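Tertiary structure, described
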Amino acid sequence: GIQVEQSPPDLILQEGANSTLRCNFSDSVNNLQWFHQNPWGQLINLFYIPSGTKQNGRLSATTVATERYSLLYISSSQTTDSGVYFCAVDHMDSNYQLIWGAGTKLIIKP
Amino acid sequence: EPEVTQTPSHQVTQMGQEVILRCVPISNHLYFYWYRQILGQKVEFLVSFYNNEISEKSEIFDDQFSVERPDGSNFTLKIRSTKLEDSAMYFCASRTGPYNSPLHFGNGTRLTVT
């Protein structure tokens, strides 16, 4: 089945720094979403981005479907950005159920 | 913006007890899902539901689990006889179509089985 790998697994940054999180997937996908899981466990939908580039405030994402990766950019990090960032994809071989990466745990220090 | 709502946010139950987790999907969505996340692990698919039927289920979704859409708005997950290993965060999600549309997740129910 399709594999989803995220890097880095952990990232510790000072407030104000920028970061790039990566998601690689092993096959062409139908759907790709980025989520932020906050310290309370809630999943916040950041981007639905099967291809192309989107921006929302300090966050932006780019998916290059032909090369099977997606990047999430966080600029001017704030402590509230801390948490785990997940990439999830679906594919017809998974019957379009989301397959999740293991996440990148981001800690922003004040 | 419409949201998926889940209740309760926390549930503590004793091993062997039945629990029902409740979800209200977004009103114009037709496809409904339950996922779970054991602490520190990946989010895992449990079951998908469309047109009042289960359309797909994972190996995790055994006979202890059932889903129901008892009325036009609620979508429930029942665990018949809880085990310690059922302790997890359970997420409900919905979307408009089976693909080419994003899944919208609720805030989850944290289930603790003691």
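Analysis parameters
Residues numbered from 1 in each chain as written. Chains lettered and ligands numbered in written order. Predicted model: local features only at pLDDT ≥ 70, side-chain atom pairs only at ≥ 80, totals over all residues. Heavy atoms only, no water. Helix = DSSP H or I, 4+ residues; strand = E, 2+ residues; numbered from the N terminus. Rg over C-alpha atoms; globule rule 2.2 N^0.38 Å. Buried < 20%, exposed > 50% of the residue type's maximum accessible area, 1.4 Å probe, protein only. Contact = heavy atoms within 4.5 Å. Areas by Shrake-Rupley, 256 points an atom, 1.4 Å probe, with all protein chains shown as cover. Lys, Arg positive; Asp, Glu negative; His and termini not counted. Charge placed at Lys NZ, Arg CZ, Asp CG, Glu CD. Pairing = 2+ DSSP bridges. Disulfide = S-S within 2.5 Å.

Some points on the overall build of chain B
- Assigned secondary structure in chain B consists of 0 helices and 11 strands.
- When its helices and strands are written in sequence order, chain B yields β-β-β-β-β-β-β-β-β-β-β.
- Here the C-alpha radius of gyration of chain B, 13 Å, is about what a compact globule of 114 residues would show, namely 13 Å.
- Its C-alpha atoms put chain B at 40 × 25 × 25 Å along the principal axes.
- Looking at the 114 residues of chain B, the share that counts as buried comes to 43%.
- Sequence-distant contacts in chain B: of pairs separated by 6 or more residues, those separated by 24 or more amount to 54%.
- Total accessible area on chain B is roughly 5,900 Å²; 45% of this is exposed by carbon and sulfur atoms.
- Charged side chains of chain B number 10 positive and 13 negative; the gap between the two group centres comes to 2 Å.

With respect to the pairing of strand E11 (residues 104–109) of chain A
Residue and element names in this part refer to chain A.
- Residues of E11 alternate between two faces, with Thr104, Leu106 and Ile108 buried on one and Lys105, Ile107 and Lys109 left unburied on the opposite face.
- Note: strand E2 (residues 10–14) against E11, 5 bridges, orientation parallel. Across the sheet, residue Leu13 finds its bridge partner in E11, namely Ile108.
- Two elements, strand E9 (residues 83–90) and E11, share 3 bridges in a ladder whose sense is antiparallel. The residue bridging Gly83 from the neighbouring strand is Leu106, located in E11.

Focus on the pairing of strand E5 (residues 43–48) of chain A
All names here are of chain A.
- Bridging between strand E4 (residues 31–37) and E5 involves 5 bridges; their strand directions are antiparallel. By the bridge assignment, Gln37 is partnered in E5 with Leu43.
- Hairpin connection, E4 to E5: the antiparallel pair is bridged by 5 residues, and Gly41 has positive phi, about 90 degrees.

A few points about the state of the cysteines
- Per the stated rule, a full pass over the model turns up 2 disulfides over all chains.
- Here Cys23 of chain A engages in a disulfide with Cys87 of chain A; their sulfurs sit 2.0 Å apart. Classification of the bridge connecting Cys23 of chain A and Cys87 of chain A rests on its S-S torsion, roughly -55 degrees, and on that basis the disulfide is left-handed. Linking Cys23 of chain A in strand E3 (residues 19–25) with Cys87 of chain A in strand E9, this pair joins segments that are 64 residues apart in sequence.
- Classification of Cys23 of chain A as buried rests on a relative accessible area of 0%.
- Note that Cys23 of chain B is cross-linked by a disulfide to Cys92 of chain B, the S-S spacing being 1.9 Å. Sign of the S-S torsion, about -65 degrees for the bond between Cys23 of chain B and Cys92 of chain B, identifies this disulfide as left-handed. With Cys23 of chain B in strand E3 (residues 19–24) and Cys92 of chain B in strand E9 (residues 88–95), this residue pair connects regions lying 69 residues apart in the sequence. As far as the burial class goes, Cys23 of chain B and Cys92 of chain B line up, both buried.

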